[in-house]
Amino acid sequence: MSPDQTPAPPATASGGAATAERGQNVIHNIGYRGYEGPRLGRSYARRALFSQSLRGTYGLGRSAKSKVLPLLLFAAVCIPATILVAVAALTKAKELQTGYSEYVLLMQPLLGIYLAAAAPQAISMDLRFKTTPLYFSRPMERSDYVAAKYAALSAALFLFTAVPVLIMYIGALLAKLDFGDQTEGAAQGLVFCALFALLHAAVAAWIAALTPRRGFGVAAIIVAITVPYFLVSVLQGIAWTSDNTGAIGWLGLGSPGTLLDGVQSRFLGGRTGFPDEQSLTGAQGAVYLVVLAALVVCFCTLLLRRYRKAGL
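What about the packing of aromatic side chains?
Any aromatic ring pair is given by two values, namely how distant the centres are and how the planes are angled relative to each other. For the structure shown, the criterion picks out eight aromatic pairs. Between the aromatic rings of Tyr-114 and Phe-160, the centroid separation amounts to 4.1 Å while the plane-to-plane angle is 10°, which identifies the pairing as stacked. In this pair, Tyr-114 is assigned in helix 5 (residues 108–128) and Phe-160 in helix 7 (residues 142–174), connecting sequence segments 46 residues apart. Comparing Tyr-114 with Phe-160, the two get one shared label, buried. The interplanar angle of 50° and the centroid separation of 6.2 Å between the aromatic rings of Phe-192 and Phe-196 together place this pair among those described as tilted. With Phe-192 and Phe-196 both in helix 8 (residues 179–209), this residue pair falls four residues apart, about one helical turn. With relative accessibility at 0%, the residue Phe-192 sits in the buried group.

So this is what it looks like as structure tokens:
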């Protein structure tokens, strides 16, 4: 073999191998760093979800249009309380015409509208836009999610009812009504606001979790709160006109509104809205408390079961 026919040096082959090796998939270090900060865990996730849900019920952090209805309803609930204490001051009355817990019951239609708007916003929207699995991708259990949502809705409704009570209390003190009586009445009124919020938030949250359709949730909540109340009120009126006054108290167990009315009249010093201001007996009062606690636990359990059953 002549020198001109010498085969190509092996460098060509090694160069081809290097080229093929460079074409393979490789992982490049582009400077990503691992997270070395604090791990906040489930408690922080619950607090963040609670805060975000509470703000959403009043339209905070949302568009201006979303704030109109909550603010209008809030003003509609607070303005009569201001007028009530102004009349008491001008007429130099010895006490307010309406008790603290009784005032909350009088505002039930407005409170029902607010709750019907707030509950689907807090719960149904996550189901509709399928964002619930994103919450559970973090260290959050279903019980954490349910507890945060229920607590936020209860807190929102409590603020909605407690602020008018505080307005009445401050106005009563400015009108120089008896300090001891007004303080006791306001404290009982705040306790009633808490009971009102816990029961109604549990009912509304469960109904809102049943459907991702916000409109259906709004209508169902309004029906569930208002229809039983008016039906029980009619039945109590019939019992009173037929001289069956003993049945009036037991009929009050049939709706959340009349149930709470009986509780506040028996244990919180208010006047009942039952026909002829019918008061509860000791046995009826005990049953009312048991039913109230059972309803709150029942609806919270149903709400948690809803998320487990749906596989969310």
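Notes on empty space enclosed by the protein
Gaps left between atoms show up when a probe the size of a water molecule is rolled over them. Counted under the stated rule, the structure contains one cavity of 30 Å³ or more. Along its surface, the largest cavity is lined by Gln-108, Leu-111, Gly-112, Leu-115, Leu-157, Phe-196, His-200 and Ile-225. Looking at the lining of the largest cavity element by element, the count peaks at four residues for helix 5. Split into classes, the residues belonging to the lining of the largest cavity amount to five nonpolar, three polar and no charged.

What to know about a negative patch on the surface
A cluster of like negative charges, contributed by Glu-95, Asp-178, Asp-181 and Glu-184, occupies part of the molecular surface. Within the fold, Glu-184 resides in helix 8.

Quick look at helix 3 (residues 64–90)
With 27 residues, helix 3 ought to run about 39 Å at 1.5 Å a step, and its terminal C-alpha atoms sit 38 Å apart, in line with that. Where helix 3 is concerned, the buried positions are Ser-66, Pro-70, Leu-73, Val-77, Cys-78, Ala-81, Leu-84, Val-85 and Ala-88. Tucked inside the fold, the buried residues of helix 3 contact helix 2 (41–57), helix 4 (100–106), helix 5 and helix 7. Following helix 3 by one or two positions, Lys-92 adopts a phi angle in the positive range, close to 55°.

Details of the packing of helix 5 against helix 7
Where helix 5 meets helix 7, the closest approach of the two axes is 11 Å, and the angle between their N-to-C directions is 160°. It follows that helix 5 is roughly antiparallel to helix 7 by the angle criterion. Note that helix 5 runs across helix 7; the crossing there is right-handed. Listed contacts from helix 7 to Leu-111, Tyr-114, Leu-115, Ala-118, Ala-119, Ala-122, Ile-123 and Asp-126 of helix 5 are Tyr-145, Lys-149, Leu-153, Ala-156, Leu-157, Phe-160 and Thr-161. Across the contact of helix 5 with helix 7, the residue classes tally to twelve nonpolar, one polar and two charged.

Criteria and cut-off values
- Residues numbered from 1 in each chain as written.
- Predicted model: local features only at pLDDT ≥ 70, side-chain atom pairs only at ≥ 80, totals over all residues.
- Heavy atoms only, no water.
- Phe/Tyr/Trp six-rings, centres within 6.5 Å; stacked < 30°, edge-to-face > 60°.
- Helix = DSSP H or I, 4+ residues; strand = E, 2+ residues; numbered from the N terminus.
- Buried < 20%, exposed > 50% of the residue type's maximum accessible area, 1.4 Å probe, protein only.
- 1 Å grid on protein atoms, 1.4 Å probe; cavity = no way out; pocket = protein on both sides within 12 Å on 5 of 7 lines; lining within 4 Å.
- Points joined across faces, edges and corners; volume = space filled by probe spheres on them.
- Nonpolar A, V, L, I, M, F, W, Y, C, P; charged D, E, K, R; others polar.
- Patch = residues over 30% accessible without salt bridge, like charges linked within 9 Å, V, L, I, M, F, W, Y side chains within 5 Å.
- Areas by Shrake-Rupley, 256 points an atom, 1.4 Å probe, with all protein chains shown as cover.
- Salt bridge = Lys/Arg side-chain N within 4 Å of Asp/Glu carboxyl O.
- Lys, Arg positive; Asp, Glu negative; His and termini not counted.
- Charge placed at Lys NZ, Arg CZ, Asp CG, Glu CD.
- Expected span 1.5 Å × (residues − 1).
- Contact = heavy atoms within 4.5 Å.
- Axes fitted to C-alpha atoms, helices over the stretch in contact; angles between N-to-C directions.
- Parallel < 35°, antiparallel > 145°, perpendicular 65-115°, else oblique.
- Left-handed = near helix turned anticlockwise from the far one by under 90°.

Read these as layout, nothing more, since geometry by itself doesn't imply function.
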